[in-house]
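Residues per chain, in single letters:
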Number of protein chains: 4
Amino acid sequence: MAMTGVLRPGHAQVRVLDLEEGIKFYRDVMGLVETGRDEHGRVYFKCWDERDHSSYIIREADQAGIDFFGFKVLDEATLDQLEADLQAYGIETRRMPAGDLLETGERVRFTLPSGHEMELYATKTACGNGMSMVNPAPWYDESEKGIAPLRLDHALLYGPNIAEVKKIFTDVLGFFLVERVIGEDGESEAAIWLSCSHKVHDIAFAEYPEPGKLHHCSFLMESWEKVLRAGDIMSMNDVAVDIGPTRHGITRGCTIYAWDPSGNRFETFMGGYQPYPDYEPLTWTFDNFAQGLDYPQRKLHETFLTVVS
Amino acid sequence: MAMTGVLRPGHAQVRVLDLEEGIKFYRDVMGLVETGRDEHGRVYFKCWDERDHSSYIIREADQAGIDFFGFKVLDEATLDQLEADLQAYGIETRRMPAGDLLETGERVRFTLPSGHEMELYATKTACGNGMSMVNPAPWYDESEKGIAPLRLDHALLYGPNIAEVKKIFTDVLGFFLVERVIGEDGESEAAIWLSCSHKVHDIAFAEYPEPGKLHHCSFLMESWEKVLRAGDIMSMNDVAVDIGPTRHGITRGCTIYAWDPSGNRFETFMGGYQPYPDYEPLTWTFDNFAQGLDYPQRKLHETFLTVVS
Amino acid sequence: MAMTGVLRPGHAQVRVLDLEEGIKFYRDVMGLVETGRDEHGRVYFKCWDERDHSSYIIREADQAGIDFFGFKVLDEATLDQLEADLQAYGIETRRMPAGDLLETGERVRFTLPSGHEMELYATKTACGNGMSMVNPAPWYDESEKGIAPLRLDHALLYGPNIAEVKKIFTDVLGFFLVERVIGEDGESEAAIWLSCSHKVHDIAFAEYPEPGKLHHCSFLMESWEKVLRAGDIMSMNDVAVDIGPTRHGITRGCTIYAWDPSGNRFETFMGGYQPYPDYEPLTWTFDNFAQGLDYPQRKLHETFLTVVS
Amino acid sequence: MAMTGVLRPGHAQVRVLDLEEGIKFYRDVMGLVETGRDEHGRVYFKCWDERDHSSYIIREADQAGIDFFGFKVLDEATLDQLEADLQAYGIETRRMPAGDLLETGERVRFTLPSGHEMELYATKTACGNGMSMVNPAPWYDESEKGIAPLRLDHALLYGPNIAEVKKIFTDVLGFFLVERVIGEDGESEAAIWLSCSHKVHDIAFAEYPEPGKLHHCSFLMESWEKVLRAGDIMSMNDVAVDIGPTRHGITRGCTIYAWDPSGNRFETFMGGYQPYPDYEPLTWTFDNFAQGLDYPQRKLHETFLTVVS
């Protein structure tokens, strides 16, 4: 968690074209645990090892994409402070009422210069990971239903003005830059990986003309063997795979990119190293981005650059 | 090993365009152990865990490709018997003299209807795997120099008349069919995987108009994690990767295909199941070959079908 | 498979003290697939990836232990030949009628000088591994129910006269010696690992005063990660673990030894190398057996030497 | 990192009985990178993936054990603040001069009620992990020399008064309690696992009558397969192994405990989950500590409780 009190990626709300199809996919193929449905037609999921009520929420809409991405912060005082800090920085914020999202307290919502809706919140009901708080097993049946990621790990978002976005995350929210890709001009940052912890990324952005776009939400897997198992399950269920299994040069993480039935890309991910705020960021040059994306193949997959939702 | 006494793939001789470049690649990147050079300019390698003198031999030529692929048989009596069986079947054989290949006895050479030169031999000097025969360690330093496969596992060869080739392997040499891909006509076998053991393949063939072509020689890795490590090493050394890391549907094996500097494809491979001669072969339909080739991606990589040496 | 036509370990019949408890253990914890029950009260299981009707059979008795261990051979002609060979060697054989074991043909039964009942048989109904013969997936739901081994791999049996046992396996049945432990006298073989394939063991014996004892039946796992998962499941189900997870020096295999509720030891096993009949056996000295047994710990677990059923 | 600005375990100074033997062990067997020696005879090491100058320092002494364990903090202002906080809490602190440890700034030293010397420091020369800051490879040669852990992960220390120790870490330094073992009395905490990040432990303590004792320093491995490899290397080098390879129930981490030649226990460790400060701690009951220690075996290894340095 950041020294500002931002803990971790807490939830994402994503649009699907067909709700039933989306539920089936995220519950049966991805293996998320359904934890609720609300009056707005939203369906709530969590990964089996997450303890809070929900981390991934879907709703039906005419167009796929992401509604918002939210970070959990330490407590309500931290939330107030961060809201004040954002406003002091010149960012307009608004409060979403407690209960608007099931089992979730008030959320501070703001819009990034990249066109993405971000949220901070301090309160979400802890309903546990399905295992005892006393003498727990390391895993249980839900850990093997479908792809069954451990948790929502991060998101990569595409939009304009990421230099400004970076400032907000580093100067106000307490994130630090872990890795970056330098653009064709040799100077500007074409993509940035930001951490509020010692994960290689809690959120990432790539410069893109259209605002508010989702490249992927990433789900954490336990091992490279589990990434393979995820790929097997994708194939068994006719999931459209984009890239992988492979290793990213960037972050060292191992990955499969694929699309949900509505065209939202997701990632099943493991690995990477443990950066800290005193680490100098790593830099990938524009001409070597292919190796950064797909380390073994050193291949610049066109879809990575152009397909978003 | 087959009940005929065919033990295993023993050696392959492959042509490279530049010998020094080839030596550097197979020794330093692939991590094979160099075991000798002969007066014809051939350089001999073995994988670290193989005990016989050599399994992979390269020579410089104007064109890449495979000179011959050889199987070790149990003993000289077996060799004589198999030679007689081949001749009785109507296949012309000839004896390559002992010592023509370093530390190797007489070889029975014959040409397949696919245009490939095959060999059987019974004698090759056992020089051990570098570890003691008494209280051995499970591995040693050479196990981690370069990609460091355990052994030469199999080859996939492209050429015409594979129905006839199959008969020779199953009726004369004692192999059995493990898996097959049915061609566009819905009847003929477009590709066949043959075993003389309980490996998913000791040799494989795909129907192809040009005779004598090499699709790949395959090297066995210990684990899916070692396949990833192989991919890392390929990238570190600018090796051209074709496909993977991924899982084949066919054989269940996990793989990376890549090319040596001369354009000979090789595979770093692990996994698969254990078939026996009493097993009914598995069949892949033409329209689903993509999943057979690249299980997670279900992608029919064009190169697999068209690029050979 | 051996050149004599012995294919592989086919089935073991093991005695349990309480049948219902045994069924629950082997079905729910071990994750074997129950395939039948017969009029003698026997319950038949197979591992998910095995294709024949059954490989592990339990019956209730007052004392735990093994009734017999059987190898599948290529066909009925091979069975006749091997029976004749055994008799010619001076071993008495008898025929168990077809159908005595469910879905199994005639079995040739004989008693080893170690006091173990062995069987050869050629016919057992192939009922498949639960996956299609056309375009099969690499695994399916049963692959993850309980420990879910791939197959019955081998057994280690304790009894007297293993020098004579070795001769029968090598001279008559076509097995070869892969590894051995030399006894305290520096000469005799205290334990032997025998293969009829290129597995590191299809059966193993240790010299022991009492005849007919079972040390363990071994079940094959896919990976070191799956061995850990097996250990997790053992703990979740209060299974008594003996040794592991660890690596054997002998065979390089990775293992957990544990006991079924009746006190029959079993092994969940993966790894090892691929020996062939032309390989010189590896030798472990008496004073270094601890490293052969438990490579990382180099610990001579007392139970390994003394606890059998 | 904690919201107080405590980043991570930074260094440990450990006493060895024979310096040359210690150097050989930590450099050649453990595979640490030697980074310096000072005028006091101390030898400095780092793990290959650490970027700061050193994390593990040894010196020769008559008795094995730990001299001090230090945490890196964000910057000098943070160091001043934490020193003030410690003093305000009633803990005496003293400054160790910059340069006393090579390439290290001023350290704030204090003694815990458990008798352990702790340090905080803000400055240590970043010398990198041996790979480029631009387009880095995921690993390099040093990653495979010896056991080659990624980093110093945590320590477990034995001493009295851990209830008071816990207060200092949670109330002053910003750590949170992740897991705990309840003592025989059913109330007091016999052992505590504390995090200043989202690691399952950055430091841990067990109640023990003798002050200032080292149970183990733990080194992070990349995978369960690398833990096995570590065990292989231990055996190859006659390292005395205590427990493992196995999984802890506590933290879910996978482990081998072993001793350096002087009798300092160390751990090669991987896995665990990602706790955050808003997580309720997990509790292990006294009667189930065996499962917490060795999950598969559920065995209360006596050495764990009694052997320290």
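Residues numbered from 1 in each chain as written. Chains lettered and ligands numbered in written order. Predicted model: local features only at pLDDT ≥ 70, side-chain atom pairs only at ≥ 80, totals over all residues. Heavy atoms only, no water.

## Quick notes on the interface of chain C and chain B
Listed per partner, the contact involves 45 residues of chain C and 45 residues of chain B. Roughly 4300 Å² of surface becomes buried between chain C and chain B when both sides are summed, with 56% attributable to carbon and sulfur atoms. Put simply, chain C and chain B have 6 salt bridges between them. Note that Arg252 of chain C is salt-bridged to Asp49 of chain B, the shortest N-O span being 2.6 Å. (Contact = heavy atoms within 4.5 Å. Buried area = accessible area lost by both parts, 1.4 Å probe. Salt bridge = Lys/Arg side-chain N within 4 Å of Asp/Glu carboxyl O.)

## Points about the sheet that holds strand β3 (residues 43-46) of chain D
Residues and elements named next belong to chain D. Taking strand neighbours across the sheet as the criterion, the 8 strands line up as β2-β3-β4-β1-β5-β8-β7-β6 in an open arrangement whose pairing is mixed. Unpaired on one side and paired on the other, β2 (33-37) and β6 (93-96) mark the two borders of the sheet. The sheet shows a mean angle of 25 degrees between the axes of neighbouring strands, taken without regard to direction. Alignment of β6 against strand β7 (residues 107-111), held across 4 bridges, turns out to be antiparallel. Its bridge partner being in β7, Met96 is matched across the sheet by Arg107. (Pairing = 2+ DSSP bridges. Helix = DSSP H or I, 4+ residues; strand = E, 2+ residues; numbered from the N terminus. Axes fitted to C-alpha atoms, helices over the stretch in contact; angles between N-to-C directions.)

## Examining a negative patch on the surface
A cluster of acidic side chains, namely Asp18, Glu20, Glu21, Glu60 and Asp62 of chain A, defines a negative patch on the protein surface. With respect to the helices, strands and loops of the structure, Glu60 of chain A is situated in strand β4 (residues 56-60). (Patch = residues over 30% accessible without salt bridge, like charges linked within 9 Å, V, L, I, M, F, W, Y side chains within 5 Å. Areas by Shrake-Rupley, 256 points an atom, 1.4 Å probe, with all protein chains shown as cover. Lys, Arg positive; Asp, Glu negative; His and termini not counted. Charge placed at Lys NZ, Arg CZ, Asp CG, Glu CD.)

## Regarding the relation of the copies chain D and chain A
In summary, the two copies of the chain are related to each other by a rotation about an axis coupled with a shift along it. You can overlay chain D on chain A at an RMSD of 0.0 Å; the transform is a turn of 180 degrees with a shift of 0.0 Å along its axis. Taken together, the rotation and translation relating the two chain copies correspond to the operation of a two-fold axis. Across chain D, the smallest distance between a C-alpha and the rotation axis is recorded for Met3 of chain D, namely 2.0 Å. Both copies share a contact surface, since 100% of the interface residues of chain D are interface residues in chain A too. (Least-squares fit on C-alpha atoms with pLDDT ≥ 70 in both.)

## So, helix α4 (residues 224-236) of chain A
Residues and elements named next belong to chain A. With 13 residues, α4 should cover 18 Å at 1.5 Å per step; its first-to-last C-alpha distance of 19 Å lies within 8% of that length. The element α4 is largely enclosed, with a buried count of 11 among its 13 residues. Residue Asp238 follows α4 closely and has a positive phi angle near 55 degrees. (Expected span 1.5 Å × (residues − 1). Buried < 20%, exposed > 50% of the residue type's maximum accessible area, 1.4 Å probe, protein only.)

## As for the domain arrangement of chain A
Residue and element names in this part refer to chain A. One can read the domain layout of chain A as domain 1 (6-128) and domain 2 (147-306). When each unit is reduced to the centre of its C-alpha atoms, the spacing between domain 1 and domain 2 is 20 Å. Taken together, the contact between domain 1 and domain 2 spans 44 residues of the former and 42 residues of the latter. Summed over both partners, the interface of domain 1 with domain 2 comes to about 3500 Å²; 72% of that surface belongs to carbon and sulfur atoms. Linking domain 1 with domain 2 are 0 salt bridges. The interface formed by domain 1 and domain 2 contains 13 residue pairs in polar contact (both at pLDDT 80 or more). At the level of secondary structure, the elements contributing two or more residues to the side of domain 1 that touches domain 2 comprise β1 (6-16), α1 (19-29), β5 (65-73), α2 (76-89) and β8 (117-121). (Domains from an automatic or database assignment. Polar contact = N/O pair within 3.5 Å; in protein donor to acceptor, adjacent residues only side chain to side chain.)

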